[in-house]
2 protein chains.
Amino acid sequence: MRIREATASDFDLIWPLFKEIARAGETYAFEPDITKEAAEQVWLTIPRKTFIAEKDGQCLGTYYLKTNQAGPGKHVCNCGYMVSAHARGKGLATAMCEHSQQTAKALGYKAMQFNYVASTNDGAVRLWEKLGYDIVGRLPKAFNHPHKGFVDALVMYKWL
Amino acid sequence: MRIREATASDFDLIWPLFKEIARAGETYAFEPDITKEAAEQVWLTIPRKTFIAEKDGQCLGTYYLKTNQAGPGKHVCNCGYMVSAHARGKGLATAMCEHSQQTAKALGYKAMQFNYVASTNDGAVRLWEKLGYDIVGRLPKAFNHPHKGFVDALVMYKWL
């Protein structure tokens, strides 16, 4: 498995994973019925960089990195990560998050912020905390979970 | 003075105010040297609605309203407000904020979130608190203030 920068031609590999996670609607602020074209825009075109974790031509995971706020906020980046169902529990989220922190520092960012972590996503919250991210905000009922209704979303942050 | 919805042709009126506030770099996450075209994109084209507070053909203030996060977050909107220097201290920010809450509710939003309020912007923080917004997050050193250096940014939130 290697983590490498993704190009536009990689989105065919990424799309099944993206679609599965968007359709579930439990973790990301995407429309559940987002089209492939719109997904490519938000995951690959708009971000500053996108990476793919690939093994034997399969996409096991992916992440993007972008500037979170322009101007006075441009020293803080934002990332999002996806791990395919059959690659979970093997440390890939940790590997991608550590990779993204190195990438961010190499690009000159001083901090990383996650804007919208579903508070119900226990595994992610625990992992980010273990990797040094603090919960710096709690948005009351800001996440409309498909099974649990309106739940809080968290803002998490790490000075790199 | 009346607050009315802005159209593309209004950006000539809005631009001097936008430019002054962006150039100062003390309150908004815009590049200080943002072009008029880019400013029109972020303030008028991308948002769901933009309003102008106009008197005798002059722009005294303006605000935008947009969905803050797609999908599971689409019940929460985000707004930004600008008041021209010679119209300050007359309740215009309050009037626009109350107008924006009415607009948001009419559009079906359940909450409003400010993602990035400079903690040094005391007047704004006090006003939003008075109008019922809570500080729900504090982003350490996320705002690079032109005179004060890295200061915290606040996340503020109101269930409508």
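Further up the page is the structure itself.
Owing to the predicted nature of the structure, the values given are computational and were not obtained by experimental measurement.

1. Describing the overall build of chain A
Next up, step 1: Summing up its helical and strand segments, chain A has 4 helices and 7 strands in all.
Next up, step 2: For chain A, the N- to C-terminal ordering of α and β elements is β-α-α-β-β-β-α-β-α-β-β.
Next up, step 3: A compact globule built from 160 residues would reach a C-alpha radius of gyration of about 15 Å, and chain A, at 15 Å, matches this within 12%.
Next up, step 4: By its C-alpha atoms, chain A is 40 × 40 × 30 Å across when sized along the principal axes.
Next up, step 5: Buried residues in chain A amount to 50% of all 160 residues.
Next up, step 6: Considering only intrachain contacts with a sequence separation of at least 6, the fraction spanning at least 24 residues in chain A is 60%.
Next up, step 7: Surface accessibility of chain A: about 7200 Å² in total, with carbon and sulfur atoms responsible for 49%.
Next up, step 8: Placing the 20 positive and 16 negative side-chain charges of chain A at their respective mean positions leaves the two points 6 Å apart.

2. Brief notes about the packing of helix α1 (residues 11-24) of chain B against helix α2 (residues 36-45) of chain B
Residue and element names in this part refer to chain B.
Next up, step 1: Direction vectors running N to C along α1 and α2 enclose 100 degrees, while the axes themselves pass 10 Å from each other. Taken as axis vectors, α1 and α2 run roughly perpendicular relative to one another. Of the residues in α2, those touching α1 at F11, D12, I14, W15 and F18 are K36, A39, E40, V42, W43 and L44.
Next up, step 2: Of the residues assigned to the contact of α1 with α2, the class counts are 8 nonpolar, no polar and 3 charged.

3. Observations concerning the pairing of strand β6 (residues 134-145) of chain A
All names here are of chain A.
Next up, step 1: Note: β6 against strand β7 (residues 149-159), 8 bridges, orientation antiparallel. By the bridge assignment, N144 is partnered in β7 with F150.
Next up, step 2: A loop of 3 residues connects β6 with β7, the two strands running antiparallel in sequence.

Parameters and conventions
- Positions within a chain are numbered from 1, following the residues in the order the chain's sequence is written.
- Written order decides the labels, with chains lettered from A and ligands numbered from 1.
- The predicted nature of this model means local features are confined to residues of pLDDT at least 70 and side-chain atom pairs, given and counted, to a pLDDT of 80 or more, with totals for whole chains, interfaces and linings taken over all residues.
- The side-chain numbers reported here are obtained from all heavy atoms of the structure, hydrogens and water having been left aside.
- Starting at the N terminus, helices and strands are each numbered in turn, a helix being any DSSP run of H or I of at least four residues and a strand any DSSP run of E of at least two.
- We compute the radius of gyration from the C-alpha atoms alone; for a globule the expected value is 2.2 Å times N to the 0.38, where N is the number of residues.
- Under the scheme applied here, a residue whose accessible area is under 20% of the maximum for its type counts as buried, over 50% as exposed, and between as partly exposed, the area being computed with a 1.4 Å probe on protein chains only.
- In this description, contact between two residues means that some pair of their heavy atoms is separated by no more than 4.5 Å.
- Areas reported as accessible are Shrake-Rupley estimates using a 1.4 Å probe. Residue values count occlusion only from the protein chains shown.
- This count recognises Lys and Arg as positive and Asp and Glu as negative, with His and chain-terminal groups excluded.
- To locate a charge, the coordinates of NZ of Lys, CZ of Arg, CG of Asp or CD of Glu are taken.
- Note on geometry: axes are lines fitted to C-alpha atoms, helical ones only across the stretch in contact, with angles between N-to-C directions running from 0 to 180 degrees.
- When an angle is under 35 degrees it counts as roughly parallel; over 145 it counts as roughly antiparallel; between 65 and 115 it counts as roughly perpendicular; any other value is oblique.
- Each residue gets one of three labels, nonpolar for Ala, Val, Leu, Ile, Met, Phe, Trp, Tyr, Cys and Pro, charged for Asp, Glu, Lys and Arg, and polar for the others, Gly among them.
- Any two strands with at least two DSSP bridges between them are considered paired.

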